[in-house]
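The primary structure of each chain is shown beneath.
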Amino acid sequence: MAELQLGGSVLGALLEVVFDKFSSEAIRRMGSMREIEDDIFKLRITLRKIKSMLVSAEEHKVEDLKEWIDKVRDVTYMVEDFLDELELAHVQRDEESGTLRSLMPRFAHDLIDSSNIQDIQRKVDRVLHLAEYYDLKKSENIVKKLEWRETSSILDDEMVIGRDAVKTQMIQMLMSESTKEESYDVIPIIGMGGVGKTTLAQFIYNNIDVEKHFQLRIWVCVSDDFDKKRLTREIIKSICNQSQGKSIKTKIDNFNDDNWDALQTKLKELLVKGGRFLLVLDDMWEEQAKKWEEFKKPFKFGQKGSRILVTTRKKIVVKMVSEKEIKLEGLLDADLWTLFEKIAFEGSYSKSIILEEIGREITNKLKGSPLAAKTVGKLLNGDFDVAYWNEILESELWNLSQNESDIMPALLLSYQQLPECLKPCFAFFSLFPKDHIFNRDELIRMWSAHNWIKDEGKKSKEDVGKKYLNALLGRCMIDTHKKRHYQGTKDFYVMHDLIHDLTLFVSNNEYFCIKNEADLLHIPSSVRHLSVYGSKAIQFEPIHYQNLNNLRTLIFLSTDCKCDLDVLFDRAKKLHLLKVRDILDTDVSDSIQQLIHLRYLDLDSNQIRSIPDSLCKLHFLQVLILKYCPLQKLPTGLNTIANLQYLKLPHNQFFDSDIKSVGNLRLLQKLQFQVSNKSGHTIAELKNMNELRKLYIRNLEIVCSKKNAMEGNLKEKNHLEILELFWNNDNGSRNNDVTDDVIEGLQPPNNISDLRIFFYDGIKSPSWIENQSLSYLKHIAIIGCKSWTIDFSFGHLSHLVSLYIDGMKAVQQLGPKFFGEGAVTGFPSLEVLRIKNMENWKEWRISVDNHNTQIFPCLKILEISDCTKLNGIPFKIPSTLSFLRIFSSPNLASISVLPPSIKHLVICKCEKVFNSFSSTHLEGLTSLESLIIADYPHLKLLPQSLKVIKELYIYNCPELKLESWMQDLTILHLYICNCPKAIESLLKEHIVMPPSLTFLKLEAGFSCNLVDVDVTLATYHNLPFLRQFCIGQFRSASLSNWIQNLSLLSKLTFYDCQDLESLNFQFLVKLKYLSISNCPKLSVSSTRLQSQLQLEKFKISAVSMVQLKEWLIFVSNTSPELKKLFIFKCPELIDFDVDMNNALLKLPKLKKLDLSRCKSCKSLPTLLHKFTSLETIIIHDCANIHSLSENGFPSSLLDLHINKCPKLREQCKIEGVEWHKISHIRNIVIDWEKIRWISNLPTQMSVQRFSLPTENDARLAFGIKDPR
């Protein structure tokens, strides 16, 4: 009976889609023209009768009704397809002459007649008669209205109610001394789904005592796919990110070694030097002990006292991993009631005794499950009608329970109570694997392709889709994804695995997932929505297509799949949604025109060089994604796809405005438009594109007047969110008056949220900024507008979050007007303020009235950079500030006391500012974690108030000396560069450095007087945790004693050490990275080492040919495990001789080769094709290399980057003479242009939204670069 209920409820939503189509103008007109108006009316009435019987069917006890439900589904889809074809015929009819008619499929026009619709009517009548046979009654169809609640009412996922004893027990087990000989212990948590295992593990993981106890904490979601390589990679990346910071993170993210031995060896090395670790393996299902034994081998090399926490539903998993367990039962009645009460009655001022009694009875049915309490509580919240609560209590779904711990009935209740429009959207999640991360906008576009998003008047489908997601979020059916992303976390969602099980339960045989080749033989004939994913290759054979006739969705999530698109298109002609990424190596054929119902086509990252013009016959197409396809040209007629809403052309290859008469695409929502004087490419193309959300306009210098600009009709684009206006900078040759006039005509709608103006060379402010009409702005960027003065207000913008002003050379003062006038002033919501390159800005003033107004009450990031004449900051620095950067503003003297909230402080080339800071002033910065001081010629001593600091960077402070109190710091990173007296005090006076250091960089500077200093650094400075050491510009012949006791050192760099002659690697058993640059006397013959150095990465630059050759031979003989080789700035390198080629062949595991700035080099190594592990080659600024290696590159190569090599540029492009040597490579970039790009990595827009940096991004966020 549940199956009937669920199938029928989804059908109600599908029938509503059909009823909406009946009401369309095109259907009404075509019915009248074809004299089938009465037939269409009769068909609609019959379907209305059938829908009214669905409610009765859901309560019917006859199991045979499943067949009736299936027949209702079949005729529903059949009618929807017929109405599509009728609309196509209407389009043909309207275009009796002209291009569009010729592009439409003829059969859509020919098949629409009376006999056709009468045949459909007979099939629908049979379904109605069958309903009468089953004695199904008509019921009043009451469609639940979707009540939209604010998401702020959602319970915090991390709150744990009850379980105090278990929490205490687990913390003790994690932190107590183990009696076992092994270095680690495994503690499994077992319990039914939804009982709170993950939530409890999260609570323990984030406990402050646990955090202090373990040097490494790693969280990995295992799920039902126990892929040992994937899990090991994730652990490696997590450890590297924690221990090395973001400056290394990007490189670590590329660690995709598929060699199992290499992965385990890497993990072993990290655990050896990482300290105690806590590893959480969440949601583990794997039962095979052999896989577990293989996976866990490296963990024994961790420090004693380490722990592995496993959460699972399966007893066999517990027995496999440990002799102990924590069994998590359901919450106690009192705790469960507390949780349920908090959610169900949230927002209610009072609860009646009756509702409380009903609520307690409901909680008795929840089997102690927190997830069920949360889900059902959300279901009841907001509707405090006693009858409704009783309806939930007495629902027959509670009788579905198969055992006393089954919570599926509680979850089914939440599904059953979903508004009708949400049910197909919810079932759609079943096509994706567990733990999949859903992109909000992509999900909405997919739903829209099936017409599941209802029309709500003036609201756009995107806004309604967001409400659908918020409704699911509010009912705890999905969760926001908390992982930081360049687009922000709010755009992504995840689903609890138990809720995912519910999607599988409700989707019946209409949805199917292919996870392996065996599944291909079990595709049900009833399938409408199909996805393909799995870790192994999947090959479609002819027999596998036979059940795809009714398919409406096909999504390939696996990239290792083979499918014949021509066969597919011939069979699956009903497709509405097709997503095929990274599996095609041939062009799409004309057969695609058979998919007349297609709304969504994603061909991203396929090796497609051409798209047939017949694609443009797909009248209903809404979404077309061709990003990262190496297209040679665009199909003719793209501007005729009238329903196209979202278009992604190949990245860096085509602009949307390359489509002639792109203005015909009136429903398009995002447009990158380059203005031209050519017909079909002028700004007038924008006139009727009023559905745009994001609009980027370039080449605005071509627009010649206000009248010309107004032809774009920007003001009427009421859905516009982001507007970017870009003039090409031509060194001031434009007429300022014309430019002033043009910007006046580019007035955006008042509700715009993000405005960016680049290189506007006018003088006057447009009236639409001055009159304060853009009151909803959240983000503003004004860059390179050198003649424009800010004579308008920003401070009144109550929604403004980020403001970026750069290069406004005409600005001399920011007066009181800048802070706002009227009721709202002082930037009440601003979080990020960056003002840069304002070379004539002298004064920043606030009015007397504003002295009593809180300025920037929410500010988190403040940057004042390259404002050389600015004399002061007139307002009190707000207590919310965490990042402050003052850079190259030497006249800036007046600044208020800094608040204790500051975590990251940068002061560079601002001596007056630093002079104004007293010791007491800095002592107040109790949260300070990183401090950067640069270009301060008179600084002699550091303030003794840096007790909690973690990172200290000191550049170009020639008078600075270090003092003994530094040994008391708990600092991790220390940079001292070009501070000769600091270096002298460190070495001559034997100043003890903090023993907590993990990274140390010492650059003496060429003015340092230390010559032949050879002290034993590790003797005077106990540095047991030092992992990275960088030494530069010392004048000593030997620095061996500096490094001899640093046994944990993994990364060592020497540069600009002109007199350095020898090194001693004898004790560096952990060394993995070595870099040598511009050390002309350093010789291999004077180097002492152990038998095998075992480097993984070697970089050599600015050396002679003799040095290069001997070091390559040295490394190849001592480091056979080398994976990355960098050769930079070697002016004597012309080619690689026999000895050098043979040396390279001794590196069988080499994965990356980078040859850069070797301007005399004429050829690459001749044996590159034999490097079977090589994955990445970079050739940069090698102007004399005229050809690639004769035998090409190995099949293993995935990435090739060739930049600033003019002799190679044309030869390596598609159809070039060298193309045959590289055509097999997945990703090819030439002069930073993606010639081919299959990797599906997100790329940022031309101007990023100003997101807050993480705490680990301190140095990078402030733009401080290594002095080298």
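Residues numbered from 1 in each chain as written. Predicted model: local features only at pLDDT ≥ 70, side-chain atom pairs only at ≥ 80, totals over all residues. Heavy atoms only, no water.

Peer 1: Tell me about the overall build of the protein chain, residues and numbers included.
Peer 2: Along the protein chain, the regular secondary structure elements total 38 helices and 45 strands. For the protein chain, the residues scored as buried account for 57% of the 1268 residues in total. Summed over all atoms, the accessible surface of the protein chain reaches about 51900 Å², with 48% contributed by carbon and sulfur. (Helix = DSSP H or I, 4+ residues; strand = E, 2+ residues; numbered from the N terminus. Buried < 20%, exposed > 50% of the residue type's maximum accessible area, 1.4 Å probe, protein only. Areas by Shrake-Rupley, 256 points an atom, 1.4 Å probe, with all protein chains shown as cover.)

Peer 1: An account of the environment of Thr640 is needed here, citing residue identities and associated values.
Peer 2: When you line up the elements, Thr640 lands in the loop between β16 (623–625) and β17 (646–648). Taking C-alpha positions, Thr640 is 9.4 Å from Leu618, a pair spaced 22 residues apart along the chain. A distance of 2.5 Å separates a polar atom in the side chain of Thr640 from the backbone oxygen of Gly637. (Polar contact = N/O pair within 3.5 Å; in protein donor to acceptor, adjacent residues only side chain to side chain.)

Peer 1: Describe the sheet that holds strand β9 (residues 511–514), with residues and values.
Peer 2: In a beta sheet, neighbouring strands pair by backbone hydrogen bonds and run either parallel or antiparallel. The strand order across the open sheet formed by seven strands is β9-β10-β12-β14-β15-β16-β17, and the pairing between neighbours is parallel. Of all the strands in the sheet, just β9 and β17 have a single pairing partner and so form its edges. Averaged over neighbouring strand pairs, the angle between their axes works out to 10° when direction is ignored. Strand direction decides the pairing type here: β9 and strand β10 (residues 529–532), joined by four bridges, are parallel. Residue Tyr511 lies in a different strand from β10, and its bridge partner there is His529. The strands that helix α22 (residues 440–449) touches are β12 (553–556), β14 (577–580), β15 (600–602), β16 and β17; relative to β15, the one it contacts most, it runs at about 135°. (Pairing = 2+ DSSP bridges. Axes fitted to C-alpha atoms, helices over the stretch in contact; angles between N-to-C directions. Contact = heavy atoms within 4.5 Å.)

Peer 1: Explain the packing of aromatic side chains to me, using residue names and the numbers behind them.
Peer 2: One pass over the structure, following the stated rule, counts 42 aromatic pairs. Ring geometry for Phe540 against Tyr545: centres 5.6 Å apart, planes inclined by 40°, an arrangement best described as tilted. Each member of the pair, Phe540 as well as Tyr545, is classed as buried. Site record: aromatic cluster; members linked through ring pairs are Phe794, Phe818, Phe819, Phe827, Trp841, Trp844, Phe856 and Phe875. The aromatic ring of Tyr646 is capped on one face by Arg445, whose charged end is 3.6 Å from the ring centroid. A cation sits over an aromatic face here: Arg599 above Phe620, 4.3 Å from the ring centre. (Phe/Tyr/Trp six-rings, centres within 6.5 Å; stacked < 30°, edge-to-face > 60°. Lys NZ or Arg CZ within 6 Å of the ring centre and 35° of its normal.)

Peer 1: Break down the nonpolar core for me, with residues and values.
Peer 2: A general tendency of soluble globular proteins is for nonpolar side chains to be buried together. If you look at the biggest cluster of nonpolar residues, it comprises 227 residues, and the most contacted ones within it are Phe794, Trp844 and Phe1029. Looking at this core, the element that brings in the most residues is helix α34 (residues 1105–1118), giving five residues. Those residues in contact with Trp844 that sit more than four places away from it in its chain are Leu814, Phe818, Phe819, Leu833, Ile835, Ile864, Leu870, Gly872, Ile873, Pro874 and Phe875. By size, the runner-up hydrophobic cluster in this structure holds 79 residues, among which are Phe19, Phe22, Leu412 and Ile478. (Core = buried A, V, L, I, M, F, W, Y, C linked by side-chain atoms within 4.5 Å.)

Peer 1: Go over the state of the cysteines with me, naming the residues and quoting the values.
Peer 2: Applying the stated criterion across every chain, the model contains zero disulfides. Of the cysteine sulfurs around Cys908, a residue in no disulfide, the closest is that of Cys910, at 7.2 Å. (Disulfide = S-S within 2.5 Å.)

Peer 1: Describe in detail the pairing of strand β4 (residues 306–312), supporting the description with residues and values.
Peer 2: Summarising burial for β4: seven of the seven residues are buried, a large majority. What you see with β4 is no split at all: Ser306, Ile308, Val310 and Thr312 on one side and Arg307, Leu309 and Thr311 on the other are buried throughout. In this sheet, β4 lies alongside strand β1 (residues 184–190) in parallel orientation, the contact comprising seven bridges. What sits directly across from Ile187, in β4, is Leu309.

Peer 1: Lay out the pattern of salt bridges with the relevant residues and their values.
Peer 2: Tallied over the full model, the rule gives 52 salt bridges. Between Lys981 and Glu959 there is a salt bridge, and its shortest N-O distance comes to 2.8 Å. Here Lys981 is found in helix α31 (residues 980–988), whereas its partner Glu959 is found in the loop between β31 (951–955) and β32 (973–977), with 22 residues between them in sequence. Asp1059 is paired through a salt bridge with Lys1081; the nearest N and O atoms lie 3.4 Å apart. Here Asp1059, found in the loop between β35 (1051–1055) and β36 (1064–1065), pairs with Lys1081, found in the loop between β37 (1073–1077) and β38 (1088–1089); they are 22 residues apart in sequence, far enough to count as distant. (Salt bridge = Lys/Arg side-chain N within 4 Å of Asp/Glu carboxyl O.)

Peer 1: So what's going on with the packing of α34 against helix α35 (residues 1138–1145)? Residues and values would help.
Peer 2: The N-to-C vectors of α34 and α35 enclose an angle of 30°; their axes lie 8 Å apart at closest approach. As judged from the angle between their axes, α34 and α35 are roughly parallel. By crossing handedness, the relation of α34 to α35 is classed as left-handed. Contacts between α34 and α35 involve Met1105, Leu1108, Lys1109, Leu1112, Ile1113 and Ser1116 on the former and, on the latter, Asp1139, Met1140 and Ala1143. Residue composition of the contact of α34 with α35, grouped by class: six nonpolar, one polar and two charged. (Parallel < 35°, antiparallel > 145°, perpendicular 65-115°, else oblique. Left-handed = near helix turned anticlockwise from the far one by under 90°. Nonpolar A, V, L, I, M, F, W, Y, C, P; charged D, E, K, R; others polar.)

Peer 1: Could you give an account of the sheet that holds strand β8 (residues 492–494), with specific residues and numbers?
Peer 2: Taken in spatial order, the three strands line up as β6-β8-β7 in an open sheet, and their pairing is antiparallel. Unpaired on one side and paired on the other, β6 (438–439) and β7 (479–480) mark the two borders of the sheet. With two bridges joining them, β7 and β8 adopt antiparallel strand pairing. Within β8, the position partnered with Thr480 by the bridge is Tyr493.

Peer 1: Can you lay out the environment of Val1229 for me, pointing to particular residues and giving the numbers?
Peer 2: Following the sequence through the fold, Val1229 ends up in strand β44 (residues 1227–1230). Once the C-alpha coordinates of Val1229 and Ile1178 are considered, the two residues, 51 residues apart in sequence, prove to be 9.5 Å apart.

Peer 1: Explain the side chain of Arg552 residue by residue, including any values.
Peer 2: Note on placement: Arg552 falls in the loop between β11 (538–539) and β12. A relative accessible area of 3% means that Arg552 is categorised as buried. A polar side-chain atom of Arg552 sits 2.9 Å from a polar atom in the side chain of Asp81. Setting aside residues up to four positions removed in sequence, Arg552 forms contacts with Tyr77, Glu80, Asp81, His450, Arg528, His529, Lys574, Leu575, His576 and Leu577.

Peer 1: I'd love a proper account of empty space enclosed by the protein, names of residues and values included.
Peer 2: Evaluation of the coordinates by the stated rule reveals ten cavities of 30 Å³ or more. Considered as a void within the structure, the largest cavity measures approximately 90 Å³ in volume. Together, Leu755, Trp768, Ile769, Gln772, Ser773, Leu774, Leu777, Ile780, Ser793, Phe794, His796 and Leu797 line the largest cavity. Taken together, the residues of the lining of the largest cavity sort by class into eight nonpolar, four polar and no charged. A volume near 80 Å³ is recorded for the second largest cavity. (1 Å grid on protein atoms, 1.4 Å probe; cavity = no way out; pocket = protein on both sides within 12 Å on 5 of 7 lines; lining within 4 Å. Points joined across faces, edges and corners; volume = space filled by probe spheres on them.)

Peer 1: Lay out helix α2 (residues 25–33) with the relevant residues and their values.
Peer 2: Listing the buried residues of α2 in full gives Ala26, Ile27, Met30 and Gly31. Along the axis of α2, the buried positions cluster into a sector of 125°, meaning they face one direction only. Just downstream of α2 lies Glu35, where phi reads positive at about 60°. (Arc of directions from axis to C-beta.)

Peer 1: Report on the confidence of the model for the protein chain, specifying residues and quantitative values.
Peer 2: Mean pLDDT over the protein chain works out to 83, with 85% of the residues at or above the 70 mark. Contacts from residues 1015–1020, a stretch scored under 50 in pLDDT, to residues over four places away or in other chains number 19 contacts. Scored below 50 in pLDDT, residues 1240–1268 makes 79 contacts in the model with residues more than four places away or belonging to other chains. (pLDDT = per-residue confidence, 0-100.)

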